[in-house]
Protein chains: 2
Amino acid sequence: MRIALAQINPTVGDIAYNTQLIRSAIERASEQSAELVVFPELAITGYPPKDLLLKPEVLRQSERAINYLATRCTSTTAVIGYPCLNEGSTGRSLLNAAAVCSEGRIFARHAKSLLPTYDVFDESRYFEPGDEAALTELNGKKLGISICEDLWNDRELVPRQLYHDNPIEKLASHGADIFVNCSASPFVVGKHDFRMQLFRNAARKHHLPLVYVNQVGGNDELIFDGNSCVIDASGNVIVQAKDFEEDLVVVDVALEARSSKLEARISEPRDSIAAVYEALVLGLRDYCRKCGFKTAVLGLSGGIDSAVCACIAVAALGAENVTGISMPSRYSSDGSKSDAHLLAENLGMACHTVPIEPAHDAMEQMVQPLFEGHEPGLAEENIQARLRGVLLMAYSNKFGSLLVTTGNKSEMAVGYCTLYGDMNGGLAILADVPKMMVYELSRWINTPGSCPLWDSSGAKPPIPIDSITKPPSAELRPDQTDQDSLPPYELLDQIVERYVEREQSWRRIVDETGADAEDVQRIVQLIDRNEYKRKQAAPVLKITGRAFGFGRRMPIAQRFDPSGAALSDLIG
Amino acid sequence: MRIALAQINPTVGDIAYNTQLIRSAIERASEQSAELVVFPELAITGYPPKDLLLKPEVLRQSERAINYLATRCTSTTAVIGYPCLNEGSTGRSLLNAAAVCSEGRIFARHAKSLLPTYDVFDESRYFEPGDEAALTELNGKKLGISICEDLWNDRELVPRQLYHDNPIEKLASHGADIFVNCSASPFVVGKHDFRMQLFRNAARKHHLPLVYVNQVGGNDELIFDGNSCVIDASGNVIVQAKDFEEDLVVVDVALEARSSKLEARISEPRDSIAAVYEALVLGLRDYCRKCGFKTAVLGLSGGIDSAVCACIAVAALGAENVTGISMPSRYSSDGSKSDAHLLAENLGMACHTVPIEPAHDAMEQMVQPLFEGHEPGLAEENIQARLRGVLLMAYSNKFGSLLVTTGNKSEMAVGYCTLYGDMNGGLAILADVPKMMVYELSRWINTPGSCPLWDSSGAKPPIPIDSITKPPSAELRPDQTDQDSLPPYELLDQIVERYVEREQSWRRIVDETGADAEDVQRIVQLIDRNEYKRKQAAPVLKITGRAFGFGRRMPIAQRFDPSGAALSDLIG
């Protein structure tokens, strides 16, 4: 069976644009004589449409679009994800459906059975689960259709069975000849390998080939990596689409014997640090494109975070569309100022310098009558960060540039960042990247031959070496460094990963890492207490298993005591 | 049967404190010879615990707490809501359970069947639904236990049946003698009447009495109004606990004949505008108390929003704990400055004046080289709002005062507010209150005998009349008023209510209100386009059916076109 994998990059809510993408892929699949073309989950609306699904107009337009697309499926059958009204009188009002469009009409509709409702996923908020084996006949062969999570309830690989149903086993036992899976599976470092294991398992176990089509592109916090593929009945990858860009791959899949008229095409996915870089570039580029920003602005401190952000912004939007602003204060070192300009020069982007002293002086005098008799401290330090924020937002407002937030995950975790100051911005591109991984990114960027940001002579790495090697500092008071208030980042990152991503208790972290119990408790407490800052943070591009933002929903006014001491005092 | 309704105000995550509240209520119920004492849903953790439920330590401590509390139930049986591990190997790992504690042990555990997963509710994220009739025998009578939503699947009153199951009917058909419902049902204007209708229906339909115990208190965005009650088998309210405060009511409920040794106690709930006021006061007071703030600060513009906020803050924290800051600019009218001070004087709170001119001047000169050749506009206006934000945050940081955000729902809807400016703050107390309701609140506050903020002489209403009567203005440029850019608030509020709360399309709004189609489309577009601001807003106290915040989850980079024009162009 000749099958096309249509790995498209839909824009959430832009039903006309997405319909056009789908129509064009159907046409190209037909031209290459594909019998079947497969699209991602909810391709008509883009994923995740979130509460747009509550709008009756969204559903009406989706229905119009799918009906129209069905009329375009004459020689080729298409499987297209879309939100479908649940015709039953009971249950949630929608189905997360795949329409099988054939011979000019909607031939069948299948509903997703397993609705992820954890981390960033909210599918039980909208959808009623399907419960039938989703089989459709095409040219005498039975397509076994599933949608994303339907494929993930693998008893061997998934530690806890969240669902009572196993749609894949149902499809196999009902005589499917091939698995077809429409997905919208966001990028997470390391997830690709897990996916491949899962797909190979399913194919081998049931001795059936598997077609997996994933969405690609950035939608707010989520970055979809593509990496669509076909696995044969023995578990071998016979097609692998590109990562981080649109692709249309056509392949002959052997349902009985091994035979292929088309050459297999395997695009090797990038390794992990290169994938993170590419994911962040795509996430920023798509956020700008889909929101309508052509240019970006960011503060350049001379430090590592803003340097890596500048590289990503230049890669995403072009050097001519990125502006840096260096905003030295009385505490900024000469090195910081020159590193900022050197970086901009290396990248070929504009850089302005605006010392913040005039506003800083004025503000200090304004608060003086209120603060009289109090020692200067954090309040005064924050004023500097916030005045920089005012300046950057003024630039952003004036020129319609997206302000890029530069903070990393380690800072965001412990609140080592100023709300309404350096946290300002439309998109936080490093806020799910731990500090040590920021260093890794910077070294990768600076490795010859790694990334295309090197100047044409190839003589000079993009990031000034000093930005990488000097001790990190917020420069909000004389001779300040991050390590005045924080443990070494090697340790901090480990604790953050265990506490935030893996939900480990502080006790277990101490036991397993041998870290100092007081250090761990202090960090865990800082993480808990800074929820109020993160509540008001810019959207964070997600690249780990648990990012701050939509997928981590913590109360703010809460007083959980992880030590259990108060409870023990009470109940003995 | 003598039953105690324990309407407690738990703090989310504070298991020791909540356990103490529960223990003390069990003791007081025993002293009054109650056979049964009923607690709210998830009383041990407080509602909503959100992702605290993913922490193994939270579950371990909850289990310890419930086991301990069971040992305290000797003469009185208690029904206590708590998160319980799901012992099944499949399905989500928790149950939203009620433990029946009797004779010193946990006698039975029942799991909630209907798990709300819409608006602010995420229960399918954590819990596996129960599917058994939750009956427990007490002194020869069968208690039919349900948890919150279990009671809400009423075929007559709820437009769409979201669930296939009806736990109440199941309990009745299995021979329950009384319905016992543990709830955590947040306040919404007008919801109390609906609840009462629902409860009366259930009681009358099955001819069984119903005991409803709700949580009280503010937890982040949600305010729980209490209003616990008992309905007799004929649908009459025989007990009504207080609204907006903790209460313990003991009542004899007739299971066979009508008889009561205790006098019925019915606390009349407040009417709607008074309830909104009380809800906001409680929401702010509890947020401060549970986060550890003793004092609050807010900007006083002389306008109506900040005046109403000041009243609420003074009512919540006491005048001595609230500080206003008036921050006039070159565009501020004399009236605005004097109204701010008059308000503070009426309320007995401190008020400082800090003109923003020095920083405003400095910042204008700093941006001048960057902005050269561009006309002044929104960027310059926003600088003023943001400098005020810097000043207020400096005060907040210096003195550990919560900054109260003063914007209303109408502004938040259309983005008539400055991100990192007047949107700054820890809690937005009016951001779910439409402008017309802010006026209503102000008039109610100023009505003699309404609220206790009047000065002791009773001669002067708290809010200066000018603040209520003058045309609203942001005062960011000369002679500006809100109506330069916005339609009249009467119309705006109507559109916001229909579009945001009821998810009506712009077409339907035009049809049903007769409003100008262009006006409606423009407002709807403004609401859609300002999602990025609301993403970074402070938590919003919820008082309507749909507030901005946790219960409304919109994508930002989205391009849904409500007119459908682009789709029509494409597909004809």
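This is a predicted model, so every value here is computed, not measured. (Residues numbered from 1 in each chain as written. Chains lettered and ligands numbered in written order. Predicted model: local features only at pLDDT ≥ 70, side-chain atom pairs only at ≥ 80, totals over all residues.)

**So, the relation of the copies chain B and chain A**
For the pair chain B and chain A, the relating rotation is 180°, the translation along its axis is 0.0 Å, and the fit reaches an RMSD of 0.0 Å. Those values place the two copies in the arrangement expected of a two-fold rotation axis. Every residue of chain B has its C-alpha some distance from the rotation axis, and the shortest such distance is that of B:Gln536, at 2.1 Å. A shared interface surface links the copies, since 100% of the contact residues of chain B are contact residues in chain A too. (Least-squares fit on C-alpha atoms with pLDDT ≥ 70 in both. Contact = placed C-beta atoms within 7 Å.)

**So, the pairing of strand S1 (residues 2–7) of chain A**
Residues and elements named next belong to chain A. Burial analysis of S1 places five of its six residues in the buried class, which makes it a mostly covered element. Looking at chain direction, S1 and strand S14 (residues 247–252) are connected through six bridges and run antiparallel. Note on S14: the bridge partner recorded for Ile-3 is Val-251. In the sheet, S1 pairs with strand S2 (residues 36–38) via three bridges, with the strands oriented parallel. In the strand pairing of S2, Ile-3 is matched with Leu-36. (Buried ≥ 20, exposed ≤ 12 C-beta atoms within 10 Å, placed from the backbone. Helix = DSSP H or I, 4+ residues; strand = E, 2+ residues; numbered from the N terminus. Pairing = 2+ DSSP bridges.)

**A short note on the interface of chain B and chain A**
When the parts come together, some accessible area is lost, and that loss is often what is quoted as the size of the interface. The partner chain A presents 94 residues to the 94 residues of chain B that form the contact. If one sorts the elements of the side of chain B that touches chain A by residue count, helix H9 (residues 378–399) of chain B sits on top with 14 residues. Residue composition of the side of chain B that touches chain A, grouped by class: 48 nonpolar, 26 polar and 20 charged. (Nonpolar A, V, L, I, M, F, W, Y, C, P; charged D, E, K, R; others polar.)

**Some words on the sheet that holds strand S18 (residues 402–405) of chain B**
Within a sheet, neighbouring strands are paired by backbone hydrogen bonds and run either parallel or antiparallel to one another. Residue and element names in this part refer to chain B. Strand order in the open sheet made by the five strands is S17-S16-S15-S18-S19, with parallel pairing throughout. Each of the sheet's edge strands pairs with one partner strand only, and the pair in question is strand S17 (350–353) and strand S19 (427–428). With respect to the sheet, helix H7 (residues 334–347) is in contact with strand S16 (322–326) and S17, its orientation differing from that of S16 by roughly 170°. (Axes fitted to C-alpha atoms, helices over the stretch in contact; angles between N-to-C directions.)

**Regarding the domain arrangement of chain A**
All names here are of chain A. Taken domain by domain, chain A holds domain 1 (2–269) and domain 2 (275–481). A straight line from the C-alpha centre of domain 1 to that of domain 2 covers 39 Å. Residue assignment for the side of domain 1 that touches domain 2 shows that the elements contributing at least two residues are strand S10 (216–219) and strand S11 (222–225). Of the residues that constitute the side of domain 1 that touches domain 2, the class distribution is five nonpolar, three polar and two charged. (Domains from an automatic or database assignment.)

**What to know about the nonpolar core**
A:Ile80 and B:Ile80 are the most contacted members of the largest nonpolar core, which totals 377 residues. Among residues more than four places away in sequence, those in contact with A:Ile80 are A:Ile22, A:Phe39, A:Ala43, A:Ile44, A:Ile66, A:Leu69, A:Ala98, A:Ala99 and A:Cys101. (Core = buried A, V, L, I, M, F, W, Y, C linked by C-beta atoms within 7 Å.)

**Details of the packing of helix H14 (residues 506–513) of chain A against helix H15 (residues 517–529) of chain A**
All names here are of chain A. Closest axis-to-axis distance for the H14/H15 pair is 9 Å, and the angle between their directions is 140°. Classified by the angle their axes make, H14 and H15 are oblique. Classified by chirality, the crossing of H15 by H14 is right-handed. For the pair H14 and H15, contact is made by Trp-506, Ile-509 and Val-510 and by Ala-517, Val-520, Gln-521 and Val-524, respectively. Residue classes in the contact of H14 with H15 are distributed as six nonpolar, one polar and no charged. (Parallel < 35°, antiparallel > 145°, perpendicular 65-115°, else oblique. Left-handed = near helix turned anticlockwise from the far one by under 90°.)

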